[in-house]
Structures are given as structure tokens and as C-alpha cells.
Amino acid sequence: MSLSSTSRLSTSRRTAAAVALALTGLVAATAPTASAAPTAPAAALAAPDIPLANVKAHLTQLQSIATANGGNRAHGRPGYKASIDYLKAKLDAAGFTTSVTTFTSSGATGYNLIADWPGGDPNQILMSGAHLDSVSSGPGINDNGSGSAAVLETALAVSRAQLKPTKHLRFGWWGAEELGLVGSKAYVNSLPATERSKFSGYLNFDMIGSPNPGYFVYDDDPAIEKTFKDYYAGLGVPTEIETEGDGRSDHANFKNVGIPVGGLFTGASRTKTSAQAQKWGGTAGTAFDRCYHSSCDTTANINDTALDRNSDAIAHAVWALGTESTVPPGDVHENTTDVAVPDNGAAVTSSVTVSGRTGNAPAALKVGVDIKHTWRGDLVVDLVAPDGTAYRLKSSSSSDSADNVIATYTVDASSEAANGTWKLRVQDIATQDTGYIDSWKLTF
């Protein structure tokens, strides 16, 4: 995981945001929340168990590569290129179409590895990825050999099963993540807008075998989040929303261009609380990974249970999301007129008028939102139905410092008449940051 992180709020700014959050709590309590439609229909195929021994064998190889190349697998060092070569050989032998793309960072050539499984709808791409580089101070076996090895073994399981997905499956391993998400940014920037629009989701796995693990799930895309949370609920393992890595791993580059993202995480340098130790085991008062970005991040720095569970969860998501029935695009109603959102001001609205439909809106009404803003945590976003009922799409959060709200929400609007004027309502509840509604759309 990259060290880079956004941290612009002063203490007073955070205090002001917290007060504003409290003031808006009453409003939030009255607004129904958006929910995700079921993500894995009955027709979806069950994923195979991912052998822990296979994943650990890949970690042993990455450790050997680091040991033979100065103790690390960092960008610009021979250990990184040797890691790329190891993965590529495995994927080529398994029948993937692979490509290695290059970029330049800190005066050195960097490499990304992309692997495509034949078949599936080319206009519905489900991508899973992890960064492959380590920091220069150690071999990077948890960060991020763990994610890289689990994604690799999931891809190899796709080959062993000769899976015929409904979506096109793509896997990626990124370089120079530890220098600021450089490799994945180069990849995303290389994609034309028409190609980006084909992605149904990007799943990110950065540190999934921490020795004192937690079970954290990204909360960026509701449907992807639900897929992982439902899986862990089936195991009887509680999860928490991932916050330590917000904006600090490769999913951020995909999210910033409107691609739905999700993923798993077991914790880095933050300290496990007593409550977390009670529900997950491990040691309270100790970091989730005491060897984070250190020379001791070796094969001894892995929790087998966490690595095994998360590897199986990756396969579950790839099978569930990759083999679900594809739904053709529905009737779209869009407003592309910019509407300024005043800083710490009154709510503004943008309207879409729907006509010519019969009956009520669907139980899975899609609300696509594109709001440009310099601190999205300030924003409260609602969908307002023609009869005035408000559906909460996004609540404010003083800790969410990333830019922009680019997401698709799913709302159960089956009690609402379809025809009429629908509104996107946006309010900025804290000072110092500005933005505007770029566009939004309803898909029936």
C-alpha cells in the first residue's frame, strides 16, 4: 500500500465538519437509503476453493526473488521485473492473453502486467488487480505479495475450471504503487473513454494476509460491497468498512474515472482495538501489520487463516460477478447542465422529467451521479422522487477527503410513480471546498 495519503483538514475544520454532521443527522434519519440490487443470481456458478498451499507457494517464490535481488522487489529494481516474469509465465501457460506495458517513474522503467481470459462480453469487463511492487526496505510479502498471489491463483483457478463467464475477465498487477499509485494511473490514463465505459467493476486486493488481521471491505460500490459482505456473513465472520487505505491504493485511479470499485484489506499500521480483537482474535494494542513497509515483511509475516479466507472471497466475487446474467441498458433520462454547489450553503437540485412510462419506478432504479468537488466528504446527496420522498444516496463524512462523487447507486423506488420530475439534491455542509453537479441520470 502506498504511503501517500490526503490529509488537508485542520483540527478546527474537522470539528466544524463534525458539528455539521450532527446537524444534518435529523435529515439523514428521515431519508430512506439507497440499497444494492442482488449481485449474484441463482444462475451464477459457485466458485472453487482456492488452495492455501498454492497461494503460499507463490509467496515463497516472491520471497526467493527478493532474496536473490537485494532483499526487495521495488520499482526500478531487478526483483520487480523478476516478479513480473514469474507471474507472466504462469498465466501464459494457463491460456491467458498477457501483455506487459511500460511507464516511467523516478527515472526508471516500470511495468504493469495485464492478463485477459478468453470470452465473456467485451462490453462488460470485470477486472481484479493488485500491486506487485514492494518498498525498497523489504520483500513486501504481505504488502503486497499477498494480494498479488491470491489474484494470480484465482486467475489460475479460472483456467483450471475453463470458466465461461458472462463478463470478460481481466486481471492486472501494478508497478510503482508504493511511489504514488503510478502504474495503475498510467494504465487507466491509457484507456480511451469508450473503453473505460466497458468496465463493470474493478476489484482491488492490497494486503490481505496481515499477521494481526482485521476483515475490512471497501464501501465504494454498493453491489460489489454486498458481494463481499454476504460472503463473509456466510462464514460467520464480521466485517468492517475499510478506511485506512482510502485513496492510498490502486482502486483510487479507477474510481476517479467513474469505474465501480471494491475490495478487501486486513490492515496495515493502524492499531487493532480491544473490540476488534474480541471479534476477530489477535492482539489488541498492536498494529494489524507490525512489519508494514519493513524488512521483516517476509513469508513469516502472514496469517494463514486471513490469507485463505480472502483468497476464497476473491474467487467468490469473480465467479459471482463474472458469471451473473447481464442486464441490457434500460431507459435513460439524463441532465448534463452544470449546477454549482455553494460552499457550506443551502442544498441545490438538478431535475430530470420522466414521461411516457406506465406504472411505478423499478425496485432497482439506477442513479448515476457525477459531482466534481474538492472534498466529497462534505457532501450530502439525495434522490428526490416526484412526490417529495427523499432517498439518501450519500451521507457526509469528515474523514472522506477524496475528490468527486462519481458513482452509480441503486434505489428501491417501486413505491413511486415513474412519471414526473425527479431531482438530485446536493448540499455542502462544511467550509473550504467547492464543486458542482456535472451530470446525473436515471436508468429505468
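Given the structure is predicted, the values throughout are model-derived calculations rather than measurements. Residue positions within a chain follow its written sequence, with the count starting from 1. Totals for whole chains, interfaces and linings use every residue, but because this is a predicted model, local features are given only for residues with pLDDT of at least 70 and side-chain atom pairs only at 80 or more, for both listing and counting. Only hydrogens and water are set aside; all other atoms, that is, all heavy atoms of the structure, feed into the side-chain values.

**Here we look at the state of the cysteines**
Move 1: The disulfide criterion is simple: two cysteine sulfur atoms within 2.5 Å. Here the structure, examined in full by the defined rule, presents one disulfide.
Move 2: Each disulfide pairs two cysteine sulfurs, and for C291 the partner residue is C296, the sulfurs being separated by 2.1 Å. Note on the C291 and C296 pair: the S-S dihedral is about -115°, so by sign convention the disulfide is left-handed.
Move 3: Categorising residues by exposure relies on relative accessible area from a 1.4 Å probe, with only protein chains included: less than 20% of the type maximum marks a residue as buried, more than 50% marks it as exposed, and the intermediate range marks it as partly exposed. By relative accessible area, C296 is classed as partly exposed at 32%.

**Regarding unusual backbone geometry**
Move 1: Residue N144 is bonded to the preceding D143 through a cis peptide linkage, with omega at 5°.
Move 2: Numbering of helices and strands runs from the N terminus, with a helix taken as a DSSP run of H or I at least four residues long and a strand as a DSSP run of E at least two residues long. Within the secondary structure, N144 is located in helix α4 (residues 141-161).
Move 3: Not every positive phi belongs to a glycine, and N344 is a case in point at roughly 50°.

**Describing the pattern of salt bridges**
Move 1: Salt bridges are defined as contacts in which a side-chain nitrogen from Lys or Arg sits within 4 Å of a carboxyl oxygen from Asp or Glu. Summed over all chains, the structure comprises 16 salt bridges.
Move 2: Across the pair K81 and D85 runs a salt bridge, and its minimum N-O distance is 2.9 Å. Note that K81 and D85 are positioned in helix α3 (residues 78-93) at a spacing of four residues, about one turn of the helix.
Move 3: Accessibility expressed as a relative area gives 30% for K81, which makes it partly exposed.

**Structural notes on the sheet that holds strand β16 (residues 420-428)**
Move 1: Here the rule is simple: two strands pair whenever DSSP picks up at least two bridges between them. Pairing is antiparallel in the open sheet, where four strands are placed in the order β11-β16-β13-β14. A strand with exactly one partner marks an edge of an open sheet, and here the two such strands are β11 (348-354) and β14 (390-394). Within this sheet the neighbouring strands show an average axis-to-axis angle of 20°, counted without direction.
Move 2: Note that strand β13 (residues 379-384) and β14 share four bridges and pair antiparallel. Opposite V384, over in β14, you have A390 as the bridge partner. Orientation is described by axes fitted as lines to C-alpha atoms, over the contacting stretch for helices, and by angles from 0 to 180 degrees between their N-to-C directions.

**Details of the side chain of S210**
Move 1: Residue placement: S210 occurs in the loop between β5 (199-205) and β6 (216-217).
Move 2: Distance and chemistry together define a polar contact, namely a pair of N or O atoms within 3.5 Å, with one atom able to donate a hydrogen and the other to accept it when in protein, and with adjacent residues in sequence counting only for side-chain atoms on both sides. Only 3.1 Å separates the side chain of S210 from the side chain of N142, close enough to count as a polar contact.

**With respect to the environment of Y232**
Move 1: Here Y232 is to be found in helix α7 (residues 222-235).
Move 2: The buried category is assigned to Y232, whose relative accessible area is 1%.
Move 3: The spacing of Y232 and Y215 is 17 residues in sequence and 8.9 Å in space, taken between C-alpha atoms.
Move 4: By definition in these notes, contact holds between two residues if any of their heavy atoms fall within 4.5 Å. If we ignore the near neighbours within four places in the chain, the residues touching Y232 are Y215, V237, T239, L264, R309, N310 and A313.
Move 5: There is a polar contact of 2.6 Å between the side chain of Y232 and the side chain of N310.

**What about the sheet that holds strand β1 (residues 97-105)?**
Pairing between the strands of a sheet is mediated by backbone hydrogen bonds and can be parallel or antiparallel.
Move 1: Spatially, the eight strands line up as an open sheet ordered β1-β2-β4-β3-β5-β8-β6-β7, and their pairing is mixed. Both outer strands of the open sheet, β1 and β7 (240-241), are each paired with one neighbouring strand and no more.
Move 2: Of the pairings in the sheet, the one linking strand β3 (residues 121-131) to β5 comprises five bridges and is parallel in character. Note on β5: the bridge partner recorded for I125 is F199.
Move 3: Relative to β3, helix α10 (residues 304-322) is tilted by about 170°, and along the sheet it contacts β3, β4 (167-174), β5 and β8 (261-265).

**Observations regarding helix α5 (residues 182-190)**
Move 1: Considered for burial, the residues of α5 that qualify are G183, S184, Y187 and V188. Buried positions in α5, seen along its axis, are confined to an arc of 130° and lie on one side of it. Residues N189 and S190 are exposed on α5 and point more than 90 degrees away from its buried face. The directions from the helix axis to the C-beta atoms are what the arc is built from.

**Let's talk about the confidence of the model for the protein**
Move 1: Here the protein averages 90 in pLDDT, while 90% of its residues score no lower than 70.
Move 2: When the criterion is pLDDT under 50, residues 4-43 qualifies, and its contacts beyond four places in sequence or with other chains add up to 63 contacts. Summary of the metric used: pLDDT quantifies the predictor's per-residue confidence within the range 0 to 100.

**Observations regarding the packing of aromatic side chains**
Two aromatic rings, taken as a pair, are described by how far apart their centres are and by the angle between their planes.
Move 1: Planes of paired rings set the category: under 30 degrees apart is stacked, over 60 is edge-to-face and the rest tilted, where pairs are Phe, Tyr or Trp rings (Trp by its six-membered ring) whose centres lie within 6.5 Å. This model, assessed by the stated rule, comprises 16 aromatic pairs.
Move 2: Judged by centre distance (5.4 Å) and plane angle (85°), the rings of F216 and F288 are edge-to-face. Taken together, the positions of F216 in strand β6 and F288 in the loop between α9 (274-280) and α10 put the pair 72 residues apart, joining distant regions of the chain.
Move 3: Assessed through its relative accessible area of 2%, F288 is described here as buried.

**Some thoughts on α7**
Move 1: Taking 1.5 Å of rise per residue, 14 residues should cover 20 Å, and α7 covers 20 Å from first to last C-alpha, within 8% of that figure.
Move 2: All of the buried residues along α7 are I224, E225, T227, F228, Y231 and Y232. Taken end-on, α7 shows its buried residues confined to a sector of 160°, consistent with a single buried face. Seen from the buried face of α7, the exposed residues on the opposite side, beyond 90 degrees, are A233 and G234.
Move 3: Near the N-terminus of α7, the side chain that reaches the backbone nitrogen of A223, with its oxygen 3.2 Å away, is that of D221.
Move 4: Just beyond α7, the residue with positive phi is G236, at close to 75°. Helix span is expected to be 1.5 Å times the residue number reduced by one.

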